[in-house]
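# Coordinate analysis (summary)
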Amino acid sequence: MLLSGAGVAVAVTGYAGPGGGNPKNPVGTVYVAAVARGVDTIVEHHQFCGDRDAVRLQAAAAAIEILVRRMATLSAQ
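Bear in mind the structure is a predicted one, so any value in this text is a computation, not a measurement.

Helix and strand counts for the chain stand at 1 helix and 3 strands. For the chain, the N- to C-terminal ordering of α and β elements is β-β-β-α. Classification of the 77 residues of the chain by burial places 27% in the buried group. For the chain, long-range pairs separated by at least 24 residues make up 45% of all intrachain contacts whose partners lie at least 6 apart in sequence. Taken as a whole, the chain presents about 5000 Å² of accessible surface, with 61% of it coming from carbon and sulfur. Computed over 6 positive and 5 negative side-chain charges, the separation of the two mean positions in the chain equals 7 Å.

Pasting the structure below:
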């Protein structure tokens, strides 16, 4: 964020399938994070069900949700 000039950012990583995953983090495991200048980073762990497209759609929805919550926190300050 320092070099980009962005005020907020969101990141998503995980295993949408059909391959990948492991015993600790099986397919459907997704981590979503949101960061903003001057506040703590929010990180969430999700375990989604469904095929690759379903997991990707749920991950995108989770990313939008966490970003909206992070921005609402900033608005309240």
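Here the narrative resumes, following the displayed structure.
Both trends apply: most residues other than glycine have a negative phi, and most peptide bonds are in trans. Of note, the amide linkage connecting G17 to P18 takes the cis form, showing an omega dihedral of 5°. Here P18 lies in the loop between strand 1 (8-14) and strand 2 (29-36).

A16, V30, V32, A34, I42, F48, V55, A59, A62, A63 and I66 together form the largest nonpolar core, which totals 11 residues. Secondary structure elements with two or more residues in this core: strand 2 and helix 1 (52-76). Ranked by the residues each element gives to this core, the list is headed by helix 1, at 5 residues. Apart from residues lying up to four places away in sequence, V32 is in contact with V10, A11, V12, I42, V43, E44, H46, A59, A62, A63 and I66.

Here we come to the pairing of strand 2. Of all the 8 residues making up strand 2, 6 are buried; the element is thus mostly covered by neighbouring parts of the structure. Sheet analysis places strand 1 next to strand 2, joined by 7 bridges and oriented antiparallel. Each bridged residue has a counterpart across the sheet, and for A9 the counterpart in strand 2 is V35. Pairing geometry for strand 2 and strand 3 (residues 42-47), over 6 bridges, is antiparallel. Looking across to strand 3, one finds that V32 is bridged to E44. Taken together, strand 2 and the strand that follows it, strand 3, pair antiparallel across an intervening segment of 5 residues, in which G38 is found at a positive phi of about 80°.

Cut-offs applied
- Residues numbered from 1 in each chain as written.
- Predicted model: local features only at pLDDT ≥ 70, side-chain atom pairs only at ≥ 80, totals over all residues.
- Heavy atoms only, no water.
- Helix = DSSP H or I, 4+ residues; strand = E, 2+ residues; numbered from the N terminus.
- Buried < 20%, exposed > 50% of the residue type's maximum accessible area, 1.4 Å probe, protein only.
- Contact = heavy atoms within 4.5 Å.
- Areas by Shrake-Rupley, 256 points an atom, 1.4 Å probe, with all protein chains shown as cover.
- Lys, Arg positive; Asp, Glu negative; His and termini not counted.
- Charge placed at Lys NZ, Arg CZ, Asp CG, Glu CD.
- Core = buried A, V, L, I, M, F, W, Y, C linked by side-chain atoms within 4.5 Å.
- Pairing = 2+ DSSP bridges.

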